[in-house]
Amino acid sequence: MDSWPVNWEALDALIIDFAKSENLIDDSSPPSSPLSSSYHSRLIIRQIRRSLEVGNIDAAIDFLRVHAPSVLEDQRLLFRLQKLKFIELLRKGTRDDRAFAIDYSRKFLAPCALNAYPEAYEEFKHLLLAFIYDKDDQTSPVANEWAEKRRYEIAGLVSSVLRAYFHAYNPIFSMTMSYLMSIHKGFCFRQGIVSPISNLTERLLLEERDFPAIPPESLYEAQVFDEVDIQALAHAVELTRQGAIDSLRFAKGDLFEAFQNEICRMRLDDAMLDELVREYCVYRGIVESGMKTLSEPLKGNPLESGCCSSPESSIDVDHRGAKRSSSETSATTDLSSMQGTEPTNILEDCSPSGSHHSENSSLLRNRSHGAGERSKRKRWRGRCDELDFISDNHFNRCRKQEGVEHTSVEDKYEIVLRMKELASTGMAAEVVEEINALDPNFFEENPVLLFQLKQVEFLKLAGLGDHSGALRVACSHLGPLAARDPNLLKPLKETLVSLLRPSEDTLVTGLPLHALATSLQVAFGKRLGIEEPQLMRIMRATLHTHSEWFKLQMCKDRFESLLRIDSLKENNTAVLTSLTASKSNAESCTLGSSQATISSATRVSDDGGSPNQASSRDVICDENAILKVMEFLALPRADAIHLLAQYNGNAETVIQQIFA
């Protein structure tokens, strides 16, 4: 999973959009996604949720009357809110509140119970038992009504209704994370695999889901939905078939709206997600690091939100953020595609003399050039609406390394970000020179990266018409490197072919410079003791299992474009070599079609490798047969295909055998 290619540039765009839409960074430009433009509505929903969770029902109802009055016209929802208010009045335990509860039940709760839904009046009479059973009596018939978890259930229900009412869906990145982690956990459980990121996913993706919104009664009339849509929704977000039908009813048949409603019911730990995003943004140079005093590892929870502080309060003060403006940097993509199996041969002629003078001058250059880059970065604000921002500090994991042990942590970040920036703009010769000045042994241990940088230098010279200079680079560096590693011979030949192209075409062939820059950043960062962000691990693992899951399903994910998953998997390796990608199976998950699926009764092995080849003969499974077996037997798609393959694709035979 660690070598799965990811388009980091696409992830940068998603994360920047997320940070803008959640107002986490100082930025005046609007988010690019229309789904992420409802920040104010999401704040209202959060405030109403908080009020309900602490038992302040009056405040929640007042908010609803001001911002979503039509929601309270649904007597079913109103009755649930009034029941909760009745219990909260009794929970206070005073004589006056008890008297008020009686009056409230007479004037409001009882009349509403008559019109809410058929079972409502029986529920009302049952609720009256709370007058005589204490809230601490766990054996009472109304123990569930007294339970504080009821607050969270109603809060989740109201949040689901309001999201649809305001069309205030979570930012795309948030939904993508929920979806990918849900699939990852399900895949690992089904395949018996121990997840390499379970320590992160178990904390980030909460077990609880918000209660689903209730479809209006008018929508309970007979509606016919495409079985393909029902099954796609049910298996994408783990619903029963009836649950998927109800969700489609609520969305008036719009599959993608129903999917968004359901994916937003999944809950993430916002504090942890924000911290993972901040760690990633610091690593990528999107926001300022704010690491003025981070020369030593920090303990506990050192990152406390300075989200509502004024600019003056954030001037060069510990980890709350140094005073520097910031901005998006656009250097990223595909880390794994540029990292291959690295030969360990010592390289003899790739580095200039590495004196202390050259190292110091390189550091000075880094600082002077880095000042301009730092001035472009955004300032991290955090959630100004979040009062209790508690999170773990994931970055600042630095170890001393030979040659740069006296360099501060912030300087190390700036050095690595400068190398990434130079590589992403094609300044390969400068990258090699500066890294050799800092660490003469780096390229001896990372010859593939040196080969890729020298490829860029070769192509740059060829594009300028300097064929003699390009050939000198090939003879001095590319040839000797390829001689030591036969895997580099093929990309060397492809690189030399560029000499035959017109000079003006050489540099416009889609060089994946951002991928190379990211690969260099990770490798050199680790050399300096800067660990890659946890979010990178999560994305590699979850995108890998997403692809493997849909290989099992033998179909395409209908929601991957909506969540930008397809763009996260795009892997442009154009000219530069990609050893990792060439050794891994990067086939797409578009196996089969909407009409028929070819099955060999194969199963992907637990390690995500190739299917077992000792399988039965191929069987063409009709899509209608697959859906019929899924519907009647309530089976996942992969299991339905597997059964159909055993019975020559005949759905009736499968069903008869199961019920026989």
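Residues numbered from 1 in each chain as written. Predicted model: local features only at pLDDT ≥ 70, side-chain atom pairs only at ≥ 80, totals over all residues. Heavy atoms only, no water.

- As recorded in an unreviewed UniProt entry, the protein chain goes by the name CTLH domain-containing protein, listed as coming from Hibiscus trionum.

## Considering the overall build of the protein chain
Next up, step 1: Per the secondary structure count, the protein chain includes 28 helices and four strands.
Next up, step 2: Counting across all 660 residues of the protein chain, residues that qualify as buried make up 55%.
Next up, step 3: Contacts in the protein chain between residues far apart in sequence, at least 24 positions, make up 77% of those at least 6 positions apart.
Next up, step 4: When the accessible area of the protein chain is evaluated, it comes to approximately 29000 Å², of which 52% is carbon and sulfur surface. (Helix = DSSP H or I, 4+ residues; strand = E, 2+ residues; numbered from the N terminus. Buried < 20%, exposed > 50% of the residue type's maximum accessible area, 1.4 Å probe, protein only. Contact = heavy atoms within 4.5 Å. Areas by Shrake-Rupley, 256 points an atom, 1.4 Å probe, with all protein chains shown as cover.)

## Some remarks on the nonpolar core
The nonpolar side chains of soluble globular proteins are, as a tendency, buried together.
Next up, step 1: Residues F173, Y179 and F259 are the most contacted members of the largest nonpolar core, which totals 111 residues.
Next up, step 2: With 10 residues, the single largest contributor to this core is helix α9 (residues 172–191).
Next up, step 3: Leave out the neighbours within four places in its chain, and F259 touches Y179, L233, A236, V237, F559, L562 and L563.
Next up, step 4: Counting 45 residues, the second-largest nonpolar core is a separate cluster that includes I48, L72, L77 and Y104. (Core = buried A, V, L, I, M, F, W, Y, C linked by side-chain atoms within 4.5 Å.)

## Examining helix α26 (residues 623–633)
Next up, step 1: Residues E623, A625, I626, L627, V629, M630 and L633 constitute the buried set of α26.
Next up, step 2: Taken from the residues just after α26, A634 is the one with a positive phi, measuring 55°.

## Focus: the pattern of salt bridges
Next up, step 1: With the rule as written, the count across this model stands at 35 salt bridges.
Next up, step 2: With its nearest N and O atoms 3.0 Å apart, the salt bridge here joins R151 to E88. In this pair, R151 is assigned in helix α8 (residues 149–166) and E88 in helix α4 (residues 75–92), connecting sequence segments 63 residues apart.
Next up, step 3: In this structure, R163 engages D210 in a salt bridge whose closest nitrogen and oxygen atoms are separated by 3.2 Å. In this pair, R163 is assigned in helix α8 and D210 in the loop between β1 (205–209) and α11 (227–236), connecting sequence segments 47 residues apart.
Next up, step 4: Accessibility expressed as a relative area gives 7% for R163, which makes it buried.
Next up, step 5: Linked through salt bridges whose partners overlap, the residues forming this network are E22, R42, R46, D274 and R383. (Salt bridge = Lys/Arg side-chain N within 4 Å of Asp/Glu carboxyl O.)

## As for the packing of aromatic side chains
Next up, step 1: On inspection of all chains with the given rule, the structure shows 12 aromatic pairs.
Next up, step 2: Seen from their ring centres, Y121 and F124 are 5.5 Å apart, and the 40° between their planes marks the pair as tilted. Here the residue Y121 and the residue F124 both occupy positions in helix α6 (residues 120–127), the gap between them amounting to three residues, near one helical turn.
Next up, step 3: Given the relative accessible area of 34%, Y121 is considered partly exposed. (Phe/Tyr/Trp six-rings, centres within 6.5 Å; stacked < 30°, edge-to-face > 60°.)

## What to know about the side chain of R284
Next up, step 1: Its place among the elements puts R284 in helix α14 (residues 270–284).
Next up, step 2: Taking the relative accessible area as the measure of exposure, R284 reaches 0% and is therefore buried.
Next up, step 3: Within the structure, R284 has its side chain in polar contact with the side chain of D12 (distance 3.4 Å). (Polar contact = N/O pair within 3.5 Å; in protein donor to acceptor, adjacent residues only side chain to side chain.)

## Focus: the confidence of the model for the protein chain
Next up, step 1: Predicted confidence across the protein chain gives a mean pLDDT of 77, with 71% of residues reaching 70 or more.
Next up, step 2: Taken together, the stretch residues 292–361 has pLDDT below 50 and engages in 198 contacts with residues farther than four places along the chain or on a different chain.
Next up, step 3: In this model residues 385–404 is a low-confidence stretch, pLDDT under 50, and it forms 65 contacts with partners more than four residues away in sequence or in other chains. (pLDDT = per-residue confidence, 0-100.)

## Quick notes on the side chain of R383
Next up, step 1: Position of R383 relative to the elements: it lies in the loop between α15 (356–374) and α16 (409–424).
Next up, step 2: Within the local environment of R383, its side chain forms a polar contact with the side chain of E22, the two groups lying 3.0 Å apart.
Next up, step 3: Among the polar contacts made by the side chain of R383, one reaches the side chain of D274 at a distance of 2.5 Å.

## As for helix α28 (residues 651–659)
Next up, step 1: Where α28 is concerned, the buried positions are A651, V654 and I655. For α28, the angular spread of the buried residues around the axis is 95°, confining them to a single face.
Next up, step 2: In this structure, the buried residues of α28 make contact with α26 and α27 (637–646).
Next up, step 3: The backbone nitrogen of E652 has a side-chain oxygen 3.0 Å away, supplied by the residue at the start of α28, namely N650. (Arc of directions from axis to C-beta.)

## As for the environment of L513
Next up, step 1: For L513, the position within the fold is in helix α22 (residues 513–527).
Next up, step 2: What makes L513 buried here is its relative accessible area of 16%.
Next up, step 3: For the pair L513 and Q452, spaced 61 residues apart in sequence, the C-alpha to C-alpha distance is 9.6 Å.
Next up, step 4: When neighbours within four sequence positions are excluded, L513 is seen to be in contact with A423, S424, T425, G426 and V456.

## Quick word on the packing of helix α1 (residues 8–21) against helix α23 (residues 534–553)
Next up, step 1: It is the contact of α1 with α23, at a shortest axis distance of 12 Å, that shows an interaxial angle of 115°. On the basis of their axis angle, the class for α1 and α23 is roughly perpendicular. Classified by chirality, the crossing of α23 by α1 is right-handed. Residues W8, L11 and I15 of α1 form the contact with α23, whose participating residues are L535, M536, M539 and R540. (Axes fitted to C-alpha atoms, helices over the stretch in contact; angles between N-to-C directions. Parallel < 35°, antiparallel > 145°, perpendicular 65-115°, else oblique. Left-handed = near helix turned anticlockwise from the far one by under 90°.)

## So, the packing of α26 against α27
Next up, step 1: One can describe the packing of α26 onto α27 by two numbers: an axis separation of 9 Å at closest approach and a directional angle of 115°. Here α26 lies roughly perpendicular to α27, going by the angle between them. You can see that α26 and α27 cross each other, and the crossing is right-handed. Residues E623, A625, I626, V629, M630 and L633 of α26 form the contact with α27, whose participating residues are R637, A640, I641, L643 and L644.

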